[in-house]
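Each chain is listed here by its residues.
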Amino acid sequence: MKSSDMPSSAICDILVVGAGPAGASAAAAAARPNLQVLMIERRAVVGLPVQCAEYIPALLVGELNIGRKYLVQPVRGMKTFLAGREVKETLSPGFIINREQFDQTLVQAACDSGAHLMLNTKAVSQNGDDVIIKPKGRPPLKIKAKIIIGADGPLSTVAEWIGAAHHDLIRAIQIRVPLKHRLEFTEVYFSKDFYGGYAWLFPKGDQANLGLGIKKKGRRPPPLGRLLEYFTSQCSRAGKIVANPSGRITGWIPAGPVSKIVHGNVLLAGDAAGHTHPITGAGIFPAVAAGRMAGTWAARAIQEKNLQVLSGYESEYRNLFGDSMQRAVSRRQQMESRWDDLDNILKNCWVAFKEYYAGT
Ligand SMILES: Cc1cc2nc3c(=O)[nH]c(=O)nc-3n(C[C@H](O)[C@H](O)[C@H](O)COP(=O)(O)OP(=O)(O)OC[C@H]3O[C@@H](n4cnc5c(N)ncnc54)[C@H](O)[C@@H]3O)c2cc1C
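Summary of the structure given here.

The rules behind these values
- Residues numbered from 1 in each chain as written.
- Predicted model: local features only at pLDDT ≥ 70, side-chain atom pairs only at ≥ 80, totals over all residues.
- Heavy atoms only, no water.
- Salt bridge = Lys/Arg side-chain N within 4 Å of Asp/Glu carboxyl O.
- Buried < 20%, exposed > 50% of the residue type's maximum accessible area, 1.4 Å probe, protein only.
- Phe/Tyr/Trp six-rings, centres within 6.5 Å; stacked < 30°, edge-to-face > 60°.
- Helix = DSSP H or I, 4+ residues; strand = E, 2+ residues; numbered from the N terminus.
- Lys NZ or Arg CZ within 6 Å of the ring centre and 35° of its normal.
- Core = buried A, V, L, I, M, F, W, Y, C linked by side-chain atoms within 4.5 Å.
- Contact = heavy atoms within 4.5 Å.
- Axes fitted to C-alpha atoms, helices over the stretch in contact; angles between N-to-C directions.
- Parallel < 35°, antiparallel > 145°, perpendicular 65-115°, else oblique.
- Nonpolar A, V, L, I, M, F, W, Y, C, P; charged D, E, K, R; others polar.
- Near = heavy atom within 4 Å.
- Polar contact = N/O pair within 3.5 Å; in protein donor to acceptor, adjacent residues only side chain to side chain.
- Areas by Shrake-Rupley, 256 points an atom, 1.4 Å probe, with all protein chains shown as cover.

## A look at the pattern of salt bridges
Alright, step 1. Evaluation of the coordinates by the stated rule reveals 15 salt bridges.
Alright, step 2. Between Arg 300 and Glu 304 there is a salt bridge; the shortest N-O distance is 3.2 Å.
Alright, step 3. What makes Glu 304 partly exposed here is its relative accessible area of 42%.
Alright, step 4. Through salt bridges with shared partners, a single network forms among Asp 168, Lys 215, Arg 332 and Glu 336.

## Considerations on the packing of aromatic side chains
Alright, step 1. By the definition in use, this model includes 13 aromatic pairs.
Alright, step 2. Centroid distance Tyr 70 to Phe 102: 5.0 Å. Interplanar angle 65°. Geometry classified as edge-to-face. Within this pair, whereas Tyr 70 is found in the loop between helix H2 (58–63) and strand S4 (71–82), its partner Phe 102 is found in helix H3 (residues 99–112), the two being separated by 32 residues in sequence. The exposure classification of Tyr 70 matches that of Phe 102, with both residues buried.
Alright, step 3. The rings of Tyr 55, Phe 190, Tyr 198, Trp 200, Phe 202 and Trp 350 are connected pair by pair, giving a single aromatic cluster.
Alright, step 4. Over the face of the ring belonging to Phe 185 we find Lys 79, whose NZ or CZ atom lies 5.0 Å from the ring centre.
Alright, step 5. Here the basic side chain of Arg 331 rests over the ring of Tyr 356, its NZ or CZ set 5.5 Å away from the ring centre.

## What to know about the nonpolar core
Alright, step 1. Core analysis: the largest hydrophobic core is formed by 72 residues, its most contacted members being Ile 14, Tyr 70, Phe 102, Ile 149 and Tyr 313.
Alright, step 2. A per-element tally of this core places helix H6 (residues 284–303) first, with 11 residues.
Alright, step 3. If sequence neighbours within four positions are ignored, Phe 102 has contacts with Pro 21, Leu 60, Leu 64, Ile 66, Tyr 70, Ile 97 and Ile 284.
Alright, step 4. Of all hydrophobic cores here, the second largest spans 28 residues; its members include Val 75, Phe 202, Leu 342 and Ala 352.

## A look at the packing of helix H7 (residues 311–337) against helix H8 (residues 342–349)
The description of two packed helices rests on the angle between their axes and on the distance between the axes.
Alright, step 1. In contact at an axis separation of 10 Å, H7 and H8 are set at 175° when each is read in the N-to-C sense. Of the possible angle classes, the one that applies to H7 and H8 is roughly antiparallel. Packed against H7, whose contacting residues are Arg 331, Gln 334 and Met 335, the element H8 presents Ile 345, Asn 348 and Cys 349 at the interface.
Alright, step 2. Looking at side-chain class alone, the contact of H7 with H8 contains 3 nonpolar, 2 polar and 1 charged residues.

## Regarding the site of the ligand
Alright, step 1. Around the ligand there are 38 residues in total, and Ala 22, Glu 41, Tyr 55, Arg 99 and Asp 271 lie nearest to it.
Alright, step 2. At 3.2 Å from a nitrogen atom of the ligand is found a main-chain nitrogen or oxygen belonging to Arg 42.
Alright, step 3. Separating an oxygen atom of the ligand from a side-chain N or O atom of Arg 99 is a distance of 2.8 Å.
Alright, step 4. For the ligand, the protein covers 92% of the area, taking 1000 Å² as the surface of the free molecule.
Alright, step 5. The residue makeup of the shell around the ligand, split by class, is 19 nonpolar, 11 polar and 8 charged.

Encoded structure:
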């Protein structure tokens, strides 16, 4: 996929910042013949480096119309472990994907629908109606956009512009390891050592994504490297993996939503809006769903020449995800405040158990 030529004018109807699942879905939903949609991505290649355990629910595959080439292996469900012991097996069909290929396919679909893509280009600042973007190795450019969609991930620059930047984030680390035997389930490990999060072993053919995500406790940064080594050696001792890691990456996962996703002519979607599930950290499905909604409402607002229409995005999002998001936020609060009692609270705080869904 090549970065398309610079649009001839520095004016566009909709500027999408970020070409991850949220941005690509927003651009595809917004693109139509009479609208100029520009998507900018600071990376040189869409989807790389991959910072993801690469699980999606089967439901998402049915929702998308982009073929199945990005699917690597089916998974039957999830096994939950507490202090090294399996405590629950949940059947929930899903897939491990090739995330790089997935993101690239989504972006290609947006370009096929008529969106323009500029790679190697960063959104830098906003000045009134102008957005300053910086293509690598070239001078900054002023873009006048009627609507801006911030789909620029957990450390969103666009969210900063509207005073909605995330501070509640989970730090994650992951490696790729060879598996001793293929697995049909994803595995999730809780331990008091993994404060506010968990470790995972997600099978990908004869390999697995092994990682963990934890919250900062107090002022000290979590000892990610040490905990990863500890978890790797546990999996190795359990005869699941060969401790021969490669491809170490780190990343951030939002632990809760931002309070406002529409602010004037700016919309936030995906991780930029904290749409990731605050308990599981799963963010691909919500990013696609919110991106689509944001793109659709943005196009409608332009066509009706009325920015008030954008509030429909906030309402539609809340109608669809408000309840489950609220539940997850309250479960996270409970989990963090009673972490020392993890053995007893896990059932209320983890999605595999029916107790999680009781009450609000
Ligand atoms: C270690 C790890 C494992 C995970 N595992 C899973 C999983 O198994 N399943 C799951 O569903 N979710 C998982 N997630 C979460 C998931 O990856 C995210 O929720 C998802 O990528 C959100 O999509 P997005 O489009 O909102 O953001 P992103 O995918 O982060 O895309 C944002 C894009 O914006 C670009 N960008 C950022 N700033 C700028 C800027 N200023 N200008 C231009 N471009 C910019 C970035 O380069 C990036 O390409 C995981 C996250 C981590 C960190």
